[in-house]
Amino acid sequence: MKKNYLGSLFLICILLFVSSCVSFSEGWGYMSPRKSASTTQNIIEEAKAMEKTASTKEDVEKIIVTYRKVEAADPYNCFALWKIGNYKLLLGAAYADNRKEKSYYYKEAIKYCEKAMFTNEAFRKAVLDGMDITEAAAFLTIDEIDAMGYWYTARFYYFKECLSPFRRSFNTRIVRDNNEIIARIDKLDPNWAGGGNYFSRGLYYIAVPERFGGSKERAAREFDKAIEVGPQFYVNRWGRAKYLYALIGNEQGYLEDLKWVASQDPAKGGNPHAWNLYFINDARKMLAERE
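Residues numbered from 1 in each chain as written. Predicted model: local features only at pLDDT ≥ 70, side-chain atom pairs only at ≥ 80, totals over all residues. Heavy atoms only, no water.

A. Examining the packing of helix H10 (residues 173–188) against helix H11 (residues 192–207) more closely. Between H10 and H11, the least distance of the axes is 11 Å, while the angle of their chain directions is 150 degrees. By the angle between their axes, H10 is roughly antiparallel relative to H11. Here H10 runs over H11; the crossing is left-handed. Residues Val175, Asn179, Ile182, Ile185 and Asp186 of H10 pack against Trp192, Asn197, Ser200, Arg201 and Tyr204 of H11. When the residues that make up the contact of H10 with H11 are grouped by side-chain class, the tally is five nonpolar, three polar and two charged. (Axes fitted to C-alpha atoms, helices over the stretch in contact; angles between N-to-C directions. Helix = DSSP H or I, 4+ residues; strand = E, 2+ residues; numbered from the N terminus. Parallel < 35°, antiparallel > 145°, perpendicular 65-115°, else oblique. Left-handed = near helix turned anticlockwise from the far one by under 90°. Contact = heavy atoms within 4.5 Å. Nonpolar A, V, L, I, M, F, W, Y, C, P; charged D, E, K, R; others polar.)

This is the structure we're talking about:
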């Protein structure tokens, strides 16, 4: 009887492990096989103009539709592809109301960033030959740096917002794999996106248990470096308050960072207007919750 019980328990554990592990569909599986020499610069300029004032979910969706026109004309346009991924990420972070909706947008962001990376011929050959993305990233260049950066960012958001604490424990590889891409970006441009890598390493040190290298002190140093490198990137102070200070109970630092972000002009931050507005509005929301 005891042997049967232990066998059943083992089987249940295996099933729980398998059902809790996350897998993402490879983005290049959705790529059009054709390449085009169609001129898309006018459409890109149209999208860029829209980005300067985008303030609502509808505005963000229109930007995506416009970049999708570029994709339709030129499926291997790296810039348009990572831009779509970036704004899909924003839809999940700023406008999705539930975990299911967030999961959809974050997976879409990951998919489009992978499509953008796939435009690199050497990377394309490597992954089609079976190489893992984190290994094939060695072939990526400064031209694909935004695709890499928003790929790992979308995965961080997915890990944090879409997985339960139980499922996170079975999917720490998401965070570990992200570090491989962060390391590649460090070689190309360590100050990418106004301190994006320092910001993400701060999240890493928060997310990982201390026995595996996690450290609130190291996280604080990474956030400080991000702010030093990108003082006008509102995301850095917003993230330090939201993810670090809220966790360690630094009330003064929490309020100071959020008040600073809440007082900024969305047209003047380092990130696109719609992203800046998200950070500002979220900071105001968090401050209001303290009143």
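B. Examining the pattern of salt bridges more closely. Taken as a whole and judged by the stated rule, the model has 18 salt bridges. Residue aspartate 186 is joined to arginine 201 by a salt bridge in which the shortest nitrogen-to-oxygen separation is 2.7 Å. Highlighted residues: aspartate 186 in helix H10 and arginine 201 in helix H11, separated in sequence by 15 residues. Salt bridges sharing common partners tie together Asp224, Arg237, Arg240 and Asp257. (Salt bridge = Lys/Arg side-chain N within 4 Å of Asp/Glu carboxyl O.)

C. Representation of the packing of aromatic side chains in the model. Under the counting rule described, the total for this entry stands at 17 aromatic pairs. Residues tyrosine 152 and phenylalanine 156 carry aromatic rings whose centres are separated by 6.1 Å and whose planes lie at 85 degrees to one another, so their mutual orientation is edge-to-face. A residue pair is termed a helical-turn pair when its members lie 3 or 4 positions apart in one helix, as tyrosine 152 and phenylalanine 156 do in helix H8 (residues 145–162) at four residues. The pair formed by tyrosine 152 and phenylalanine 156 is uniform in burial state, with each residue classed as buried. Its guanidinium or amino end placed over the ring of tyrosine 198, lysine 225 lies 5.9 Å from that ring's centre, counting from NZ or CZ. (Phe/Tyr/Trp six-rings, centres within 6.5 Å; stacked < 30°, edge-to-face > 60°. Buried < 20%, exposed > 50% of the residue type's maximum accessible area, 1.4 Å probe, protein only. Lys NZ or Arg CZ within 6 Å of the ring centre and 35° of its normal.)

D. Region of the structure containing the environment of alanine 122. Mapped onto the elements, alanine 122 comes out in helix H6 (residues 121–128). Placed 17 residues apart in sequence, alanine 122 and phenylalanine 139 show a C-alpha to C-alpha distance of 5.9 Å.

E. Seen up close, the environment of valine 229. Positionally, valine 229 belongs in helix H12 (residues 216–229). Judged by relative accessible area, which is 25%, valine 229 ranks as partly exposed. A sequence separation of 34 residues divides valine 229 from glycine 195, and the C-alpha atoms of the two residues are 5.5 Å apart. Excluding residues within four positions of it along the chain, valine 229 makes contact with Asn191, Gly194, Gly195 and Tyr198.

F. Broad picture of helix H5 (residues 99–118). Here H5 contains 20 residues, and its C-alpha end-to-end distance of 28 Å stays within 8% of the 28 Å for a straight helix at 1.5 Å per residue. Of all the 20 residues making up H5, 15 are buried; the element is thus mostly covered by neighbouring parts of the structure. At the N-terminal end of H5, a side-chain oxygen is found 3.2 Å from the backbone nitrogen of lysine 100, two or three residues along, and the residue is asparagine 98. (Expected span 1.5 Å × (residues − 1). Polar contact = N/O pair within 3.5 Å; in protein donor to acceptor, adjacent residues only side chain to side chain.)

G. Local environment of the side chain of threonine 66. Along the chain, threonine 66 falls in helix H3 (residues 57–73). Once residues within four sequence positions are removed from consideration, threonine 66 is found in contact with Ile43, Glu46, Ala47 and Met50.

H. Structural detail: the packing of H11 against H12. The interhelical angle for the contact between H11 and H12, taken along N-to-C directions, is 165 degrees, at an axis separation of 8 Å. With respect to their mutual orientation, H11 and H12 come out roughly antiparallel. H12 is crossed by H11, and the crossing has left-handed handedness. On H12, the residues that touch Gly194, Gly195, Tyr198, Phe199, Arg201, Gly202, Leu203, Tyr205 and Ile206 of H11 are Arg218, Ala219, Glu222, Phe223, Lys225, Ala226 and Val229. Partitioned by chemical class, the residues of the contact of H11 with H12 number nine nonpolar, three polar and four charged.

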